Amino acid sequence: MSKQDWIEKLSLVEHIEGGYFCEIYRAAEEIETLREGSARSMMTSIYYLLTDDRPIDHLHQNKSDIMHYFHAGFPITYILVDLMGQLHKIKLGLDLTKGEVPQLLVPKGYWKAAVLESGEYGLLGESVAPGFDFRDMTIAKAEEIQAQFPNLWHELAAYVRT
Ligand code: GUN
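Reading guide: rules and limits
- Residues numbered from 1 in each chain as written.
- Predicted model: local features only at pLDDT ≥ 70, side-chain atom pairs only at ≥ 80, totals over all residues.
- Heavy atoms only, no water.
- Pairing = 2+ DSSP bridges.
- Helix = DSSP H or I, 4+ residues; strand = E, 2+ residues; numbered from the N terminus.
- Near = heavy atom within 4 Å.
- Polar contact = N/O pair within 3.5 Å; in protein donor to acceptor, adjacent residues only side chain to side chain.
- Areas by Shrake-Rupley, 256 points an atom, 1.4 Å probe, with all protein chains shown as cover.
- Nonpolar A, V, L, I, M, F, W, Y, C, P; charged D, E, K, R; others polar.
- Salt bridge = Lys/Arg side-chain N within 4 Å of Asp/Glu carboxyl O.
- Buried < 20%, exposed > 50% of the residue type's maximum accessible area, 1.4 Å probe, protein only.
- Axes fitted to C-alpha atoms, helices over the stretch in contact; angles between N-to-C directions.

A. Fine view of the sheet that holds strand 5 (residues 44-51). Read from one edge of the open sheet, six strands run 1-2-5-12-7-10, paired in antiparallel fashion. What marks the edges here is a single partner per strand, and that holds for strand 1 (13-14) and strand 10 (103-106). Examined bridge by bridge, strand 5 and strand 12 (residues 121-129) share eight bridges and lie antiparallel to one another. Each residue of the ladder has a partner; that of Thr51, found in strand 12, is Tyr121.

See below:
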């Protein structure tokens, strides 16, 4: 299947972070949190697609843990900055002999970007718990990231949305 087939068959739309997505599950049950507005769905799940013409998931942060599951296509490289300011690069994919991982947990509070480095597309799933809410997401601003992580700026600049 081509990227266009996936986009059409899964009803994917452009995501503001980059790539394409469709939310396929939002738990009806809610929990109270200490976050803005308090109530959050217990869990959400999306399909997420990076393509050769929208290859970057721009740097952002979420208040929830997020599990990523590789589904199809070419591997996707994750660029993470942990709570100690350490940089990690991990490939989500199925070739274990190359060190790729089929599932990747990105803990809450980490900065995260992703890139499709080669191939036409990479398709994955993301489960978020508590469920996704725009109020829990922060999109990186260049000045802030540069000030917070001056030593990493050369690695991160390409992934910060302008
Ligand atoms: N709506 C916009 N972005 C997202 C996302 O990343 N996850 C979910 N579940 N819904 C969204």
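There is more to say, and it comes next.
B. View of the site of the ligand. Taken together, His15, Phe21, Glu23, Thr44, Ile46, Phe132 and Phe134 make up all the residues around the ligand. His15 is positioned such that a nitrogen or oxygen atom in its side chain is 2.7 Å from a nitrogen atom of the ligand. In the model, a nitrogen atom of the ligand is placed 3.0 Å from a nitrogen or oxygen of the Glu23 side chain. Protein coverage of the free-state accessible area of the ligand, which is 270 Å², stands at 91%. Contributing elements (two or more residues each) for the shell around the ligand: strand 2 (20-26) and strand 5. For the shell around the ligand, the class distribution of residues is four nonpolar, two polar and one charged.

C. Region of the structure containing the pattern of salt bridges. As enumerated under the stated definition, the model contains 12 salt bridges in all. Linking Arg26 and Glu23 is a salt bridge whose minimum nitrogen-to-oxygen distance equals 2.9 Å. Judged by its relative accessible area of 38%, Arg26 is partly exposed. Overall, the relative accessible area of 33% leaves Glu23 in the partly exposed class. Across the salt bridge formed by Arg35 and Asp136, the nearest N and O atoms sit 3.0 Å from each other.

D. Looking closely at the sheet that holds strand 6 (residues 56-62). Overall, antiparallel pairing links the five strands, which are arranged 9-8-11-6-13 in an open sheet. Whereas interior strands pair on both sides, the edge strands pair on one side only; in this sheet they are strand 9 (87-92) and strand 13 (137-139). Averaged over all pairs of adjacent strands, the angle between strand axes in this sheet comes to 25°, irrespective of strand direction. Bridging between strand 6 and strand 11 (residues 111-115) involves four bridges; their strand directions are antiparallel. Across the sheet, the residue bridging to Ile56 is Val115, located in strand 11.

E. Spatial organisation of the pairing of strand 2. The sheet contact formed by strand 1 and strand 2 spans two bridges and is antiparallel. Counted as the bridge partner of Val13 is Phe21 from strand 2. Bridging between strand 2 and strand 5 involves six bridges; their strand directions are antiparallel. The residue bridging Glu23 from the neighbouring strand is Ile46, located in strand 5.

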